[in-house]
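# Coordinate analysis (summary)
The primary structure of each chain is shown beneath.
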Amino acid sequence: MGFTAEKLEEEKVFKDPVHRYIHVRDKLIWDLIGTKEFQRLRRIRQLGTSYLTFHGAEHSRFNHSLGVYEIVRRIAEVFKNRPHWREEDRLLCLTAALLHDIGHGPFSHSFEKVFHLDHEVWSRRIILGDTEVNQVLKAVDSSFPQRVADVIEKTDENKLIVSLISSQVDADRMDYLLRDAYYTGVSYGQFDMERILRVMRPTDDQVVIKHSGMHAVEHYIMSRYQMYWQVYFHPVTRSAEVILTKVLLRAKELYEKGYPFQHPPLLLQSLFREKVTLDEYLQLDESIVLYYFHMWQHEEDEILKDLANRFMNRRLFQYVEINTELQMKQWMELSRLFEQIGLAPEYYLVVDSSSDLPYDFYRPGEEEERLPIHLLMPGGELQELSRQSDIVESISGKKRTDHKLYFPKDLLDNAREHEREKKRILDILYGKG
Ligand code: CA
């Protein structure tokens with residue numbers, strides 16, 4: 001079924017550095033932006049700890065969500081009156097685009113890992129639970145919240161709509177590549193989105209790209225490849241992420257042991273217990289987290305104090321590249337040496353690995369299950385992109401992983417009574433051991 005909603009008397013616009021203007025004509029969209037759950041996204045950064053590497057990267061999930069909405073709005077204009085496109089699906093697409101990240105919490109990447117959270121589950125709870133967002137959605141139709149949740153979870157029966165929000169070339173990715181490139185100040189993320197939008201075509205079950213637009217899509221895929229290695233997996237960002245994760249783990253451990261915090265983390269307790277209600281979840285944002293980190297710099301516990309101080313003042317860990325996983329024997333020796341000089345290895349010796357597939361085929365059950373990109377050939381048949389593009393073929397399905405070992409070199413340098421251990425540690429880390 002289709003959904004319709006009231007129009008605003010006058011169009012509203014947001015000024016946006018990436019898309020110039022974001023246009024809102026539907027009252028529903030305007031009302032959703034005004035809900036407190038959506039406003040909360042202003043206090044959650046899009047790129048987590050990247051601002052410690054690229055100081056411009058302070059943009060929020062609020063900016064990005066508006067951007068994804070705007071891209072889908074423009075796609076819907078391109079699709080208007082084309083076969084396979086139903087104008088009554090427009091509102092559902094716009095809403096799902098706007099709300100696709102509504103379930104994200106502060107520093108999602110680390111928080112999800114440490115506290116076993118899943119932002120997709122929280123999106124669902126926010127959309128279907130007792131929230132302002134749910135109130136606004138229900139006013140359209142009683143079945144509307146469920147449909148929006150289904151599209152975001154990629155379970156909706158209308159695959160064309162799902163592919164707009166979630167596929168290899170979807171509005172989410174196009175916005176974050178352009179936006180993250182803009183705010184980090186790097187040029188790798190640029191590509192010609194206008195061109196891609198013009199060559200997108202709706203089919204029964206997915207969005208496809210007109211054959212003549214292949215080179216614009218190649219450029220987009222290469223941008224994505226570059227951004228991953230130059231921005232998203234930047235080793236300094238990962239160092240900050242490692243420290244953030246360790247602060248949370250230390251605080252959780254202390255909480256479990258009944259440690260008397262000078263500044264009890266009242267708003268984080270439910271996370272430590274891993275029993276979080278919707279209201280508790282919605283109270284969390286990055287300003288709350290940074291408040292506790294700020295206060296913890298003055299705790300008695302040496303580890304918590306040091307780690308919180310490192311995060312707040314950007315005293316990050318150094319790293320060395322390790323080609324293969326550090327051999328077990330060396331790992332054990334390093335841990336023992338760290339202990340001998342008084343550095344708890346579980347907090348101060350950290351292996352971090354990353355990998356990404358810049359463009360992958362659809363492989364059920366593995367990694368990401370995003371639809372591959374199909375080109376619409378002149379004869380009307382569909383061809384998977386890497387069969388037509390040598391550039392894309394060359395990076396398809398190739399996995400690159402890298403492993404880095406993070407540690408506080410400044411603390412090692414200061415361990416003056418342990419010259420022998422120190423020397424041995426440095427020999428192992430810098431490859432003489
Ligand atoms: Ca997103």
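Residue positions are given per chain, counting from 1 as you read along its sequence in written order. In keeping with the predicted nature of the model, local features appear solely for residues at pLDDT of at least 70, side-chain atom pairs appear and are counted solely at 80 or more, and the whole-chain, interface and lining totals rest on all residues. Water and hydrogen atoms were dropped before computing side-chain values, which therefore reflect all heavy atoms in the structure.

## Points about the overall build of the protein chain
By the criteria applied, helices consist of DSSP H or I runs no shorter than four residues and strands consist of E runs no shorter than two, each listed in order from the N terminus. Along its length, the protein chain carries 23 helices and nine strands. We compute the radius of gyration from the C-alpha atoms alone; for a globule the expected value is 2.2 Å times N to the 0.38, where N is the number of residues. At 24 Å, the protein chain has a C-alpha radius of gyration in line with the 22 Å of a compact globule built from 433 residues. The principal-axis extent of the C-alpha atoms belonging to the protein chain is close to 75 × 50 × 35 Å. To sort residues, take the accessible area from a 1.4 Å probe on protein chains only and compare it with the maximum for the residue type: under 20% means buried, over 50% means exposed, and anything in between is partly exposed. Relative to its full complement of 433 residues, the protein chain shows a buried share of 58%. In this analysis, two residues are considered to be in contact whenever any of their non-hydrogen atoms come within 4.5 Å of each other. The contacts of the protein chain with a sequence gap of at least 6 include a subset with a gap of at least 24, amounting to 72%. Areas reported here follow the Shrake-Rupley algorithm with a probe of radius 1.4 Å; residue values treat only the protein chains shown as occluding. Total accessible area on the protein chain stands at roughly 19700 Å², and carbon and sulfur atoms take up 48% of it.

## Some words on the side chain of Thr49
Here Thr49 is to be found in the loop between α2 (36–39) and α3 (61–79). The class for Thr49 is buried, based on a relative accessible area of 1%. Only 3.1 Å separates the side chain of Thr49 from the backbone oxygen of Thr237, close enough to count as a polar contact. Sequence-distant contacts of Thr49, defined by excluding residues within four places in its chain, comprise Phe107, Thr237, Ala240, Glu241, Leu244 and Phe311. A 3.5 Å cut-off defines polar contacts: any pair of N or O atoms within that distance qualifies, except that in protein one atom must be a possible hydrogen donor and the other a possible acceptor, and neighbouring residues in sequence count only when both atoms are side-chain atoms.

## Considerations on the side chain of Thr237
Tracing the sequence through the fold places Thr237 in helix α13 (residues 235–256). For Thr237, the contacting residues outside a window of four places in its chain are Thr49, Ser50, Thr53 and Val231.

## With respect to helix α17 (residues 302–313)
The length a helix should cover is 1.5 Å for every residue beyond the first. In this model α17 runs 16 Å from its N-terminal to its C-terminal C-alpha over twelve residues, within 8% of the 16 Å that 1.5 Å per residue would give. Along α17, the positions that sit buried rather than exposed are Ile303, Leu304, Asp306, Leu307, Ala308, Arg310 and Phe311. In this structure, the buried residues of α17 make contact with α13, α16 (286–296), α19 (345–348) and α22 (409–414). Of the residues one or two after α17, Arg314 is the one with positive phi, at around 55 degrees.

## Concerning the environment of Arg74
Positionally, Arg74 belongs in helix α3. By relative accessible area, Arg74 is classed as buried at 17%. Put simply, Arg74 and Arg198 are 124 residues apart on the chain and 9.5 Å apart in space, counted from C-alpha to C-alpha. The contact partners of Arg74, leaving out residues within four places of it in the chain, are His19, Tyr21, Met193, Glu194 and Leu197. Only 3.5 Å separates the side chain of Arg74 from the side chain of Glu194, close enough to count as a polar contact.

## Considerations on the sheet that holds strand β7 (residues 374–376)
Strand order in this open sheet of four strands is β3-β4-β7-β8, and the pairing throughout is mixed. Of all strands in the sheet, those with a lone pairing partner are β3 (200–202) and β8 (382–384), marking the two edges. If you compare each strand with its neighbour and ignore which way they point, the axes differ by 45 degrees on average. Inspection of the sheet shows strand β4 (residues 207–210) paired to β7 by two bridges, in the parallel sense. In the strand pairing of β7, Lys210 is matched with Leu376. Docked against the sheet, α3 engages β3 and β4, running at close to 70 degrees with respect to β3. Only when DSSP finds a minimum of two bridges between them are two strands counted as paired. Axis lines are fitted through C-alpha atoms, for helices just across the contact stretch, and the angle between N-to-C directions can take any value from 0 to 180 degrees.

## Points about the coordination of the calcium ion
At 2.4 to 2.5 Å from the calcium ion lie its protein donor atoms, namely His64 (NE2), His100 (NE2), Asp101 (OD) and Asp172 (OD). In this description, a donor is an N, O or S atom within 2.8 Å of the metal centre, a cutoff extended to 3.2 Å for sodium, potassium and calcium. Water is not part of the atom list, which can make sites seem incomplete. The sequence pattern describing where the donors of the calcium ion fall on their chain is H-x35-H-D-x70-D. With His64 in helix α3 and Asp101 in the loop between α4 (90–99) and α5 (108–115), this pair connects stretches of sequence that are 37 residues apart. Asp101 carries the same exposure label as His64, and that label is buried.

## Comments concerning the environment of Leu271
By the element assignment, Leu271 lies in helix α14 (residues 269–272). Measuring from C-alpha to C-alpha, the distance between Leu271 and His116 comes to 9.1 Å, with 155 residues separating the pair along the chain. If we skip the residues at most four places from it in the chain, Leu271 touches Phe111, Phe115, Leu117, Val276 and Leu284.

## Overview of the packing of aromatic side chains
Aromatic ring pairs are defined here through the distance separating the ring centres and the angle between the ring planes. Pairing of aromatic rings covers Phe, Tyr and Trp, the last through its six-membered ring, and needs centres within 6.5 Å; plane angles under 30 degrees mean stacked, over 60 mean edge-to-face, and all others mean tilted. Counted under the stated rule, the structure contains 23 aromatic pairs. By way of ring pairs, the aromatic residues Phe107, Tyr259, Phe261, Tyr291, Tyr292, Phe293, Trp296 and Phe311 are connected into one cluster. Any Lys NZ or Arg CZ found within 6 Å of a ring centre and within 35 degrees of that ring's normal is scored as a charge over the ring. A cation over a ring is seen here: Lys15 above Tyr21, with NZ or CZ 4.5 Å from the ring centre.

## What to know about the nonpolar core
Leu99, Met174, Ile196, Trp296 and Phe311 are the most contacted members of the largest nonpolar core, which has 139 residues in total. Tallying contributions element by element places helix α12 (residues 214–232) first for this core, with ten residues. Aside from chain neighbours lying at most four places away, what touches Phe311 is Thr49, Tyr51, Leu52, Phe107, Ala240, Ile243, Leu244, Leu290 and Phe293. To define a nonpolar core, start from buried Ala, Val, Leu, Ile, Met, Phe, Trp, Tyr and Cys residues and group those joined through side-chain atoms within 4.5 Å.

## Considering unusual backbone geometry
At Asn81, a position not held by glycine, the phi torsion is positive, near 70 degrees. Checked against the element boundaries, Asn81 lands in the loop between α3 and α4. Given a relative accessible area of 77%, Asn81 falls into the exposed group. At His116, a residue that is not glycine, the phi angle is positive and equals roughly 55 degrees. Here His116 lies in the loop between α5 and α6 (119–128). His116 sits in the exposed class, given a relative accessible area of 61%.

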